[in-house]
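What follows is each chain in one-letter form.
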Amino acid sequence: MVRSSLAVLVIDENRIRAAIIEAGLREAGHERVTVVHDVTGIARRIAEIEPDVIVIDLENPNRDMLENMFQLSRAVKRPIAMFVDRSDQASIEAAVDAGVSAYVVDGLRQERVKPILDMAVSRFNAFSRMARELEEVRGELENRKVIDRAKGILMKSRGLTEEAAYTLLRKTAMNQNRKISDIAHSLVTAAGLLGPSEDE
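Residues numbered from 1 in each chain as written. Predicted model: local features only at pLDDT ≥ 70, side-chain atom pairs only at ≥ 80, totals over all residues. Heavy atoms only, no water.

Caption draft 1: Just helix 3 (residues 63-76), in detail. Across its 14 residues, helix 3 extends 20 Å between first and last C-alpha, which sits within 8% of the 20 Å expected from 1.5 Å per residue. All of the buried residues along helix 3 are Leu66, Met69, Phe70, Leu72, Ser73 and Val76. One face of helix 3 carries all of its buried residues, which in axial projection span an arc of 160°. Away from the buried face of helix 3 by more than 90 degrees, exposed residues Arg63, Asp64 and Ala75 are located. Immediately beyond the C-terminal end of helix 3, within one or two residues, lies lysine 77, with a positive phi of roughly 50°. (Helix = DSSP H or I, 4+ residues; strand = E, 2+ residues; numbered from the N terminus. Expected span 1.5 Å × (residues − 1). Buried < 20%, exposed > 50% of the residue type's maximum accessible area, 1.4 Å probe, protein only. Arc of directions from axis to C-beta.)

Written out as structure tokens, the structure reads:
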């Protein structure tokens, strides 16, 4: 995706400050810029607009306003750059926890908009990649546990060695054109159904 083709949503109740952000984005080559001045029903508006990136400017944010924007950040799963005029350590930590990609305190200037937006997109992409990799690793670990349980079931019920149990799982998976983990899940489920009842 070419960065200049990004659809950017600017959320700012202050029209002057929104104009600064919009000018910075257009100067950087972003043509698809939508500015929203009313935050009422903003989640619905985001769903309608479907922006690639969101820029939020909060001139003098109070705790409730910040929390609402942080909840929005958690829900939209998009890069978010947030400009605020003042902040404290708790707000910064809450922004990071909420997934805000760039949290800029007292730094709203037209020439800074593009590099901050680029950094927000890059940071969001890096965190998204890490989250995907983490999920893949968790899935692989879960599959290994299930395969180990399936091997244990085969070793106990058929008197096989661990290597022979794994070979049987692999052969069955190849014959059925399925993954070993799928066969292992099926075997563990079936063994659970066929095992002795807890009432006995």
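Past the structure itself, the notes keep going.
Caption draft 2: Expanded view of the UniProt feature "domain: ANTAR" (unreviewed entry) in the chain. Under the UniProt annotation, the feature "domain: ANTAR" (unreviewed entry) is placed at residues 127-188. As annotated, residues 127-188 comprises 89% helix and 0% strand, and the C-alpha atoms at either end are separated by 35 Å. (UniProt positions renumbered as here; feature names shortened; annotations may be inferred.)

Caption draft 3: Main features of the pairing of strand 5 (residues 102-105). Taken together, the four bridges between strand 4 (residues 80-84) and strand 5 define a ladder with parallel strand orientation. Pairing of methionine 82 across the sheet is with tyrosine 103, part of strand 5. Handedness of the crossover joining strand 4 and strand 5 through helix 4 (residues 89-98) is recorded here as right-handed. (Pairing = 2+ DSSP bridges. Right-handed = clockwise from strand over helix to strand, strands pointing away.)

Caption draft 4: Structural view of the sheet that holds strand 1 (residues 7-12). Taken together, five strands build an open sheet; the order of strands is 2-1-3-4-5 and the sheet is parallel. Two strands lie at the open edges of the sheet, namely strand 2 (32-36) and strand 5, each paired on one side alone. In this sheet, neighbouring strand axes are inclined to one another by 15° on average, regardless of whether the strands run parallel or antiparallel. The sheet contact formed by strand 1 and strand 3 (residues 53-58) spans five bridges and is parallel. The partner of leucine 9 across the bridge, within strand 3, is isoleucine 54. Strand contacts of helix 5 (residues 110-158): strand 1, strand 3, strand 4 and strand 5, with the helix running at about 145° to strand 5, the strand carrying the most contacts. (Axes fitted to C-alpha atoms, helices over the stretch in contact; angles between N-to-C directions. Contact = heavy atoms within 4.5 Å.)

Caption draft 5: Focus on unusual backbone geometry. For glutamate 50, which is not a glycine, the phi torsion comes out positive at approximately 50°. Its location among the elements puts glutamate 50 in the loop between helix 2 (42-49) and strand 3. For glutamate 50, a relative accessible area of 54% corresponds to the exposed category. The backbone phi angle of lysine 77 is positive, close to 50°, even though this residue is not glycine. Tracing the backbone shows lysine 77 in the loop between helix 3 and strand 4.

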